[in-house]
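Structural overview
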Amino acid sequence: RKHICKLLSHFEYKGHLCMVFQPLEMNLRKLLKTYGREVGITLTAIRMYARQMFHGLLHMQKCSVLHGDIKLDNILYESNAPGAEPKLIDFGYAGVCPPGGKLVGLCGTPDYAAPEILTWYSADKGRKVQGSPYDHAVDMWSLGVVLYILLCGFPPFYGDDDAQMFGLISEGTYAFPVDIDGYKTTWKNVTEQPIELIRSLLCVDPANRLSAPGVLSNEWLKAKTARTPRAWVGKMRERSASGVWRK
């Protein structure tokens, strides 16, 4: 639970419930933009970030809480100091999902959304959609997207518009390109172990998607050593224009 943002207090003001959380610094997106582009992110650091985030997610699952909107922007750090630990924040889309339970409805951010979340989406706002119920596996998919970005600096699914991107997500179509439009990516320096871990998380069938305990028992994630630090080449690609789905 140390990787979950701590609620310090709450009070009512003019009919509103106000909550006071612990103070936190930059989010993971800003951290990667600040240090990943110039200094470089080591595989040791990436492994540590991932391990901490999956521990936080496992604690949430034990508490029957489904986050529903895990992304770089919702992972913050206590400070900018070395060794600061990440905290999951923003439970605006969260829901209670006990073992064997399911949730329904649209939630999250398009770039990080699992295929089963997209079944609730319709470009026609006036059309009622009956999608597929989902469970904690949607959070595993989202952290798979986060891990992919940590290793290369750009998202696994990226289209000219949302329709194209949603099609790629629904089909589970992505790659680990060593070259994009003339610049060399970092994938040629990444071993097969983390790539296989990502594949087990970005699995279209939620029943076959790796669980949090399964991830934490992964040999690559448990390893202590890493290869030579490697800086990203090129810029992080931004999110799609649609941003977050609003309630």
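In this report, we go over the structure that sits alongside the text. Just so we're clear, the structure is a prediction, and the values are computed from it rather than from any experiment.

This part takes up the pattern of salt bridges. Following the criterion strictly, the structure yields nine salt bridges and no others. Among the ionic pairs, Arg 209 bridges to Glu 116, the shortest N-O distance being 2.8 Å. Placement of the pair is Arg 209 in the loop between helix 6 (192–201) and helix 7 (212–216) and Glu 116 in helix 3 (residues 115–118), with a sequence separation of 93 residues. Residues Lys 184 and Asp 179 are paired through a salt bridge, measuring 3.4 Å at the closest nitrogen-oxygen approach.

With that out of the way, let us pick up the nonpolar core. Of all hydrophobic cores here, the largest spans 65 residues; its most connected members are Leu 28, Phe 54, Val 146, Leu 147 and Trp 187. With twelve residues, helix 4 (residues 137–152) is the largest single contributor of residues to this core. Setting aside anything within four residues of it in sequence, one finds Val 146 in contact with Leu 28, Met 53, Ile 70, Lys 71, Leu 72, Ile 75 and Tyr 112.

On to the pairing of strand 2 (residues 16–21), then. Inspection of the sheet shows strand 1 (residues 7–13) paired to strand 2 by six bridges, in the antiparallel sense. Counterpart to Glu 12 in the pairing with strand 2 is Leu 17. Here strand 1 hands over to strand 2 after two residues, with Lys 14 in that stretch at a positive phi of 50°.

By the element assignment, Lys 87 lies in strand 5 (residues 86–88). By relative accessible area, Lys 87 is classed as buried at 7%. There is a polar contact of 2.3 Å between the side chain of Lys 87 and the backbone oxygen of Lys 2. Excluding residues that lie within four positions of it along the chain, Lys 87 makes contacts with Lys 2, His 3, Ile 4, Cys 5, Gln 22, Leu 24, Asn 74, Ile 75, Leu 76 and Glu 78.

Put simply, helix 4 and helix 6 touch, their axes get as near as 8 Å, and they point 150° apart. As judged from the angle between their axes, helix 4 and helix 6 are roughly antiparallel. Like other packed secondary-structure pairs, helix 4 and helix 6 cross with a definite hand, here left-handed. Judged by residue contacts, Met 140, Trp 141, Gly 144, Leu 147, Tyr 148 and Leu 151 of helix 4 engage Pro 194, Leu 197, Ile 198 and Leu 201 from helix 6. Classifying every residue of the contact of helix 4 with helix 6 by side-chain character gives nine nonpolar, one polar and no charged.

A cluster of nonpolar side chains, contributed by Leu 7, Leu 17, Met 19 and Phe 21, occupies part of the molecular surface with about 400 Å² of accessible area. Top contributing element to the nonpolar patch by residue count: strand 2, with three residues. Residue position: Phe 21 is located in strand 2. Taking the relative accessible area as the measure of exposure, Phe 21 reaches 39% and is therefore partly exposed.

Considering the arrangement of structural elements, one finds His 136 in the loop between helix 3 and helix 4. One polar contact links the side chain of His 136 to the main-chain carbonyl oxygen of Cys 97, over a distance of 2.8 Å. Residues contacting His 136, with those up to four places away along its chain left out, are Gln 61, Ser 64, Val 65, Leu 66 and Cys 97.

Here is what the cut-offs are and how they apply
Residues numbered from 1 in each chain as written. Predicted model: local features only at pLDDT ≥ 70, side-chain atom pairs only at ≥ 80, totals over all residues. Heavy atoms only, no water. Salt bridge = Lys/Arg side-chain N within 4 Å of Asp/Glu carboxyl O. Helix = DSSP H or I, 4+ residues; strand = E, 2+ residues; numbered from the N terminus. Core = buried A, V, L, I, M, F, W, Y, C linked by side-chain atoms within 4.5 Å. Buried < 20%, exposed > 50% of the residue type's maximum accessible area, 1.4 Å probe, protein only. Contact = heavy atoms within 4.5 Å. Pairing = 2+ DSSP bridges. Polar contact = N/O pair within 3.5 Å; in protein donor to acceptor, adjacent residues only side chain to side chain. Axes fitted to C-alpha atoms, helices over the stretch in contact; angles between N-to-C directions. Parallel < 35°, antiparallel > 145°, perpendicular 65-115°, else oblique. Left-handed = near helix turned anticlockwise from the far one by under 90°. Nonpolar A, V, L, I, M, F, W, Y, C, P; charged D, E, K, R; others polar. Patch = residues over 30% accessible without salt bridge, like charges linked within 9 Å, V, L, I, M, F, W, Y side chains within 5 Å. Areas by Shrake-Rupley, 256 points an atom, 1.4 Å probe, with all protein chains shown as cover.

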